[in-house]
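This is what each chain is made of:
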Amino acid sequence: MAMTIAAWNVNSILARLPTALEVLKAVNADVVCLQELKCEDGRFPRLEVEDLGYHVETHGQKTYNGVAILSRFRLSDVTRGLPGDEEDSQSRYIEAVVEAPGAPVRVASLYAPNGNPISTDKFQYKLRWMERLTAHARGLLRLEEPFALAGDYNIIPRDGDADDPKSWEGDALYSPEAKAAYRRLRNLGLEDAFMQADGRDGQYTFWDYQAGAWRRNHGIRIDHIFLSPQALDRLSSVTIHKEARAMDKPSDHVPIIARLETAS
DNA sequence: ATGGTCGCGTAGCGA
């Protein structure tokens, strides 16, 4: 048996609905972490997604942000919002336990702040948010359970994760502080599933709508699936569903999918 | 090229 966990920034589930349903069918993951729903929970197209065989838990808001977990297995212990700041009203984090029979896995869908421009408090919010995520991950690690933190981290970890690294100089996604936040998560004992299973340069999950970025393959790898040691033990492969970027009315991100083997 | 293109919501911001 195996379980596949996908992360995909859909860039508005309502503007994307026909395309999104087609992508979800093609990817056919057991668990899907969605980001940038850009709608309140009551407007999420729950019936259409349930028709694909998913249980649905959302944490949306009007206009911006919004995250969801879709799962073929029952979801329990659902928590909404990233702990560590009661004042933070942005919907960027949802966590639940995927109740796969005999092999439960805790999964979070997260949408880390973009952080641009660097000179503003948006950048400070990005760094504080990543500190809160790190603190929360440290607590989860103490449970010694398999878990995955999947989503749009808005961080380009290495030069090999950008087609043209120089063009990202001065951008929050490529800043030394953002890369340090990524390293801190790994130093806790979490691993970036892509780096463990693949690790090649030039494998991207985002191409801007502007300036023919997709046509020129001017992409970056910013969508990541971090795994706890107990989940990493089960990792067999990671794939990036590039086909989604070539569709009509595409999101600017494509799904990344980790496959975990479960005991037979 | 200090641009370009989307989505939201119907101006201008966020990405």
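Up top is the structure these notes are about.
Everything quoted here is computed from the prediction, not taken from an experiment. (Residues numbered from 1 in each chain as written. Chains lettered and ligands numbered in written order. Predicted model: local features only at pLDDT ≥ 70, side-chain atom pairs only at ≥ 80, totals over all residues. Heavy atoms only, no water.)

1. Quick notes on the pattern of salt bridges
- The full count for this structure, using the stated rule, is 13 salt bridges.
- Put simply, Lys38 and Glu36 hold a salt bridge, and the shortest N to O gap is 3.9 Å.
- Note on Lys38: relative accessible area 31%, which makes it partly exposed.
- By relative accessible area, Glu36 is classed as buried at 13%.
- Here Arg158 makes a salt bridge to Asp161, at a shortest N to O gap of 2.9 Å.
- What makes Asp161 buried here is its relative accessible area of 0%.
- The network of salt bridges with common partners includes Arg158, Asp161, Asp192, Asp201 and Arg221. (Salt bridge = Lys/Arg side-chain N within 4 Å of Asp/Glu carboxyl O. Buried < 20%, exposed > 50% of the residue type's maximum accessible area, 1.4 Å probe, protein only.)

2. With respect to the environment of Asp192
- On the secondary structure map, Asp192 appears in strand E9 (residues 191–192).
- Here the alpha-carbon distance between Asp192 and Ala162, two residues 30 residues apart in the chain, equals 16 Å.
- Sequence-distant contacts of Asp192, defined by excluding residues within four places in its chain, comprise Tyr182, Arg221, His224, Ile225 and Phe226.
- In terms of polar contacts, Asp192 uses its side chain to reach the backbone amide nitrogen of Phe194, at 3.0 Å. (Helix = DSSP H or I, 4+ residues; strand = E, 2+ residues; numbered from the N terminus. Contact = heavy atoms within 4.5 Å. Polar contact = N/O pair within 3.5 Å; in protein donor to acceptor, adjacent residues only side chain to side chain.)

3. What to know about the sheet that holds strand E8 (residues 147–152)
- One open sheet accounts for six strands, arranged E5-E6-E7-E8-E12-E9; its pairing is mixed. Of all strands in the sheet, those with a lone pairing partner are strand E5 (75–80) and E9, marking the two edges.
- The sheet contact formed by strand E6 (residues 93–98) and strand E7 (residues 105–111) spans six bridges and is antiparallel. Across the sheet, the residue bridging to Ile94 is Ser109, located in E7. (Pairing = 2+ DSSP bridges.)

4. Some details on the packing of helix H3 (residues 121–141) against helix H4 (residues 176–188)
- Where H3 meets H4, the axes come as close as 10 Å, and the angle between the chain directions of the two elements is 0°. Looking at the two axes, H3 sits roughly parallel to H4. Taken together, the residues of H4 that come into contact with H3 (itself represented by Phe123, Lys126, Leu127, Met130, Leu133, Thr134, Ala137, Arg138 and Leu141) are Glu177, Ala178, Ala181, Leu185 and Leu188. (Axes fitted to C-alpha atoms, helices over the stretch in contact; angles between N-to-C directions. Parallel < 35°, antiparallel > 145°, perpendicular 65-115°, else oblique.)

5. Observations concerning the protein's contact with DNA strand B
- For DNA strand B, the set of nearby residues contains 15 residues, the closest of which are Ser12, Arg16, Thr63, Lys122 and Gln210.
- Of everything in DNA strand B that lies within 4 Å of the protein, sugar and phosphate atoms constitute 69%.
- Measuring from a phosphate oxygen of DNA strand B, one finds a side-chain N or O atom of Ser12 at 2.2 Å. (Near = heavy atom within 4 Å.)

6. With respect to the side chain of Ser228
- For Ser228, the location among the structural elements is in the loop between strand E12 (223–227) and helix H6 (229–232).
- A distance of 2.9 Å separates a polar atom in the side chain of Ser228 from the backbone oxygen of Glu145.
- If sequence neighbours within four positions are ignored, Ser228 has contacts with Leu141, Glu145, Pro146, Phe147 and Leu190.

7. With respect to the environment of Pro18
- Along the chain, Pro18 turns up in helix H1 (residues 17–27).
- When the C-alpha positions of Pro18 and Asn217 are compared, they lie 25 Å apart, and in sequence the two are 199 residues distant.

8. Some remarks on H1
- Within H1, burial applies to Leu17, Thr19, Ala20, Leu21, Val23, Leu24 and Val27.
- One or two positions beyond H1, positive phi appears at Asn28, with a value near 55°.

9. Section: the pairing of strand E1 (residues 2–9)
- Buried residues dominate E1, accounting for eight of its eight residues.
- Judged by which residues are buried, E1 turns out to be covered on both faces: Ala2, Thr4, Ala6 and Trp8 on one side and Met3, Ile5, Ala7 and Asn9 on the other are all buried.
- In terms of handedness, the path from E1 via H1 over to strand E2 (residues 31–35) forms a crossover that is right-handed. (Right-handed = clockwise from strand over helix to strand, strands pointing away.)

10. A closer look at the packing of aromatic side chains
- The final tally for this structure, using the stated rule, is four aromatic pairs.
- An aromatic cluster is built from Tyr153, Tyr182 and Phe226, whose rings are joined through pairwise contacts.
- Directly above the ring of Tyr54 sits Arg72, whose terminal nitrogen or CZ lies 4.4 Å from the centroid.
- Here the guanidinium or amino end of Lys179 rests over the ring plane of Tyr174, the centre of that ring lying 3.6 Å away. (Phe/Tyr/Trp six-rings, centres within 6.5 Å; stacked < 30°, edge-to-face > 60°. Lys NZ or Arg CZ within 6 Å of the ring centre and 35° of its normal.)

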